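Each chain, letter by letter, is given below.
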Amino acid sequence: MLLRRTILFYTTIRYHSSNTHNLQSLAKIPCKYRAKAIEQAQEALTDYLHTVRIIPYTFAENISKYSVVSLSAAISKVKFSTPDFSKSLQRFLRYHPVNEFELFYESIGIDVNELDGVLPARKFFLSEDVNPFNVACALYGFGVPWNMLGMLYKQDKTIFDKDPSDIKDIWSKYIEDYGFTSSSLIGICLVFPHVLSNGDSSLFNDLKRVIINSDLINDVDGNVDSWIDICRKIQLFYNLGCKNSDLFESIGRNKTILLEFSEEILTEKVEYFCRFDVTNEEVMSLLLTKCEFFEIDLKTPTFCVMGLLRHFGMDEQHLNSISDEYPYVFGKNRFINLPHVMRALNLNKWFFDKLKHGGHHLLKSYPSINLDQDNDNDFAESLARIESSRVPIHTLSKLQFLHGIGYGENGLTMKVLKHVHGTSTQLKQRFDCLIHNGIEFSKLCKLISVSPKILNQQSEILEKKMKFLSEGIGCSLDYLDVFPAYLCFDLEKRIKPRYKFHTWLMENGLCKREYSLASIIATSEKSFIARVYRIHPAALKRYLEIFMNQDYNTFQET
């Protein structure tokens, strides 16, 4: 009996609270008595809520059963003694009422660490704000597990402000008009809680196409957990922004995807194909018409870029052309990086189109390459030196980042690796920043291959430089194709002073030749000063007086 209580006690703690240290309040109770003490406290609280607070027994029992942490904090104030503890608890509760809202909200599944943002101000008894409790009771009456009600509250707390009778009307309408079973409707409401607060006939019509019209009801176990799992998978497609009715009918026709594959696998595949930078509808259509993709391992296998492109039908002339243009992409890589390999080659649309038109067979039939095939000696030698170094992990993680954006196992990748500094996380943040600010993926990979130090700066600095290029200078981002090193120079000490000085010279007729941006910025300081002196000796003095003090805005007033 003691063993059963102990197992039940710790299982309850793990299930209902992610922070077991909150039970330190029971430190004064010997370990071997704690399970029994909690059990007695739950019985005492149930009795108190039912007999003193006039809460129906079933709901009083649910509150006691699922509020272990808050209850433990309350009973810590009661002196423990083996024979009289139960009576002491009953007496304590009658004369020291507990905060019923803490117990209630924890019992429906709100983490105790989140209670401060949930508890009503200056209210202690459920009778002071009875509506949330009444809504919980109504939903429990429909079959929603008591300790899962917090899922609804955290996603849409307005549900608990509604009149329980309105909730009953909404529930009855969904059962009668759409033909859902209670367990399937519970799953829908826990995953799409807004249907209880404001209704969503459009969503329910779509769900009917998937669940009712495809007879999914008879394929899924009648328990709530199974329906939550199914609805979360449907939500994954719904959140892609694809609300086309035909696509939901397609989900129904391919219901084996919902039945046979876990949410983790579905999420993984959706995220994978979205990385090809195609529309959500294209990804959804691909996965719903080519279920084989869910069975293909797209993580661990290694492929040769040249071999894979040949396998997918690229002719030799085109292959030679892109290998000359993007040499840093070729060599080996892993299938997990395939979407970004294709984006780095600017072939992502072409490759995705191949996948849509039967390419899943090509992908599935692509042979695992011989590990000795297509080896790049420069890469292999450099990798061996890294692995034998004192701290290889940091460098290898940076190399992993480069592979992740499409760089292959080749000597050029290793040359880039030598010049990029920062953690792999920082490098990814800087790369993503440049993408977010408008540089195309394939172009950015090329810019990095030419000027790797681009990635050695903070995201905020890169953003300012790009903004000045487009707004301050009026250049398109395409100019970076010609002068990628622009992003490597100091904005305040080099780019702005020199550009504004050159503009001032042109506006005042002192310089008849308009120099390129690269010539203005990339020229060494010595050569730049010599050029200014040749243009006009007095201009040099002006430059040294104002620009070297970074007071170059003065020129706008001169």
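Residues numbered from 1 in each chain as written. Predicted model: local features only at pLDDT ≥ 70, side-chain atom pairs only at ≥ 80, totals over all residues. Heavy atoms only, no water.

(A) Spotlight on the overall build of the protein chain. A count of helical and extended segments in the protein chain gives 32 helices and 2 strands. The C-alpha radius of gyration of the protein chain comes to 33 Å, more than 25% above the 24 Å expected for a compact globule of 558 residues. Principal-axis analysis of the C-alpha atoms gives the protein chain an extent of 100 × 60 × 55 Å. The buried share of the protein chain, taken over its 558 residues, is 47%. Intrachain contacts of the protein chain at a sequence separation of at least 6 include 71% that bridge at least 24 residues. When the accessible surface of the protein chain is summed, it comes to about 27,400 Å², and 49% of that surface belongs to carbon and sulfur atoms. One way to put it: in the protein chain the 65 positive side-chain charges average out to a point 7 Å from where the 67 negative ones average out. (Helix = DSSP H or I, 4+ residues; strand = E, 2+ residues; numbered from the N terminus. Rg over C-alpha atoms; globule rule 2.2 N^0.38 Å. Buried < 20%, exposed > 50% of the residue type's maximum accessible area, 1.4 Å probe, protein only. Contact = heavy atoms within 4.5 Å. Areas by Shrake-Rupley, 256 points an atom, 1.4 Å probe, with all protein chains shown as cover. Lys, Arg positive; Asp, Glu negative; His and termini not counted. Charge placed at Lys NZ, Arg CZ, Asp CG, Glu CD.)

(B) Fine view of the side chain of N348. Mapped onto the fold, N348 is located in helix α21 (residues 348-365). Among the polar contacts made by the side chain of N348, one reaches the main-chain carbonyl oxygen of F276 at a distance of 2.8 Å. The contacts of N348, once residues within four sequence positions are left out, are F276, D277, M342 and R343. (Polar contact = N/O pair within 3.5 Å; in protein donor to acceptor, adjacent residues only side chain to side chain.)

(C) Layout of the nonpolar core. The biggest cluster of nonpolar side chains holds 174 residues, and the ones touching the most others in it are W146, F273 and Y486. No other element matches the 9 residues that helix α13 (residues 224-238) contributes to this core. Dropping the residues within four chain positions of it, W146 is found in contact with F59, N62, I63, Y66, F104, S107, I108, F133, A136, C137 and Y140. (Core = buried A, V, L, I, M, F, W, Y, C linked by side-chain atoms within 4.5 Å.)

(D) The pattern of salt bridges, seen in detail. Counted under the stated rule, the structure contains 20 salt bridges. When the shortest N-O distance is used, the salt bridge between K173 and D177 registers 3.1 Å. With K173 and D177 both in helix α9 (residues 164-178) and 4 residues apart, the pair spans about one turn of that helix. Residue class for D177 comes out partly exposed when judged on its relative accessible area of 46%. Ionic contacts of the salt-bridge type, sharing partners, join the residues D206, R209 and E249 into one network. (Salt bridge = Lys/Arg side-chain N within 4 Å of Asp/Glu carboxyl O.)

(E) Representation of helix α23 (residues 392-404) within the structure. When the terminal C-alpha atoms of α23 are compared, their 18 Å separation across 13 residues agrees well with the 18 Å that a helix rising 1.5 Å per residue should span. Every buried residue of α23 is listed here: P392, K398, L399, F401, L402, H403 and G404. In this structure, the buried side of α23 is in contact with β2 (332-334), α20 (338-344), α22 (377-387), α24 (411-419) and α25 (424-436). Residue G406 follows α23 closely and has a positive phi angle near 115°. (Expected span 1.5 Å × (residues − 1).)

(F) Focus on the packing of helix α3 (residues 57-65) against helix α7 (residues 131-141). At a closest axis distance of 12 Å, the pairing of α3 and α7 adopts a crossing angle of 100°. Put simply, α3 runs roughly perpendicular to α7. Each of T58, F59, N62 and I63 in α3 lies in contact with α7, whose residues at this interface are F133, C137 and Y140. In terms of residue class, the contact of α3 with α7 is built from 5 nonpolar, 2 polar and no charged. (Axes fitted to C-alpha atoms, helices over the stretch in contact; angles between N-to-C directions. Parallel < 35°, antiparallel > 145°, perpendicular 65-115°, else oblique. Nonpolar A, V, L, I, M, F, W, Y, C, P; charged D, E, K, R; others polar.)

(G) Structural detail: the packing of aromatic side chains. Tallied over the entire structure, the rule returns 41 aromatic pairs. Relative to F273, the ring of Y272 lies with its centre 5.2 Å away and its plane at 80°, an arrangement referred to as edge-to-face. With a relative accessible area of 6%, Y272 lands in the buried category. Aromatic rings pair up to connect F59, F101, F104, Y105, F133, Y140, W146, Y153 and F160 into one cluster. A cation sits over an aromatic face here: R498 above F528, 4.2 Å from the ring centre. Directly above the aromatic system of Y515 lies the positively charged group of R531, at a separation of 4.2 Å from the ring centroid. (Phe/Tyr/Trp six-rings, centres within 6.5 Å; stacked < 30°, edge-to-face > 60°. Lys NZ or Arg CZ within 6 Å of the ring centre and 35° of its normal.)

(H) Representation of the confidence of the model for the protein chain in the model. Per-chain confidence: the protein chain averages 86 in pLDDT, with 91% of residues scoring 70 or above. Least confident of the elements in the protein chain is helix α1 (residues 2-16), whose mean pLDDT is 45; most confident is α20, at 98. Scored below 50 in pLDDT, residues 1-22 makes 28 contacts in the model with residues more than four places away or belonging to other chains. Throughout residues 554-558 the model reports pLDDT below 50, and contacts reaching past four residues in sequence, or to other chains, amount to 9 contacts. (pLDDT = per-residue confidence, 0-100.)

(I) A look at the packing of α9 against helix α10 (residues 182-191). Packing of α9 against α10 brings their axes to within 11 Å, and their N-to-C directions diverge by 125°. What the angle tells us is that α9 and α10 run oblique. Seen along the crossing, α9 lies across α10 with a hand that is right-handed. Along its contact with α9, which presents W171, Y174 and I175, the element α10 presents S182, L185, I186 and C189. Here the residues of the contact of α9 with α10 sort into 6 nonpolar, 1 polar and no charged. (Left-handed = near helix turned anticlockwise from the far one by under 90°.)

(J) Examining unusual backbone geometry more closely. With phi around 55°, R122 is a residue other than glycine that occupies positive phi space. For R122, the location among the structural elements is in the loop between α6 (100-107) and α7. The class for R122 is exposed, based on a relative accessible area of 82%. The backbone of D215 shows a phi angle near 60°, a positive value even though the residue is not glycine. Inspection of the secondary structure assignment puts D215 in the loop between α12 (201-211) and α13.

(K) Looking closely at the side chain of S183. Here S183 lies in helix α10. For S183, a relative accessible area of 14% translates into the label buried. Setting aside residues up to four positions removed in sequence, S183 forms contacts with G222, N223 and W227.

(L) Examining the environment of S388 more closely. By secondary structure assignment, the location of S388 is in the loop between α22 and α23. Side-chain polar atoms of S388 contact the backbone oxygen of R385, separated by 3.1 Å.

(M) Structural view of the state of the cysteines. Taken as a whole and assessed by the stated rule, the structure comprises 0 disulfides. No disulfide involves C445; its sulfur sits 15 Å from the nearest other cysteine sulfur, which is in C433. (Disulfide = S-S within 2.5 Å.)

(N) Region of interest: helix α26 (residues 441-450). Those residues of α26 lying buried are F441, S442, L444, C445, L447 and I448. Here the buried face of α26 lies against α20, α24, α25 and α28 (479-482).

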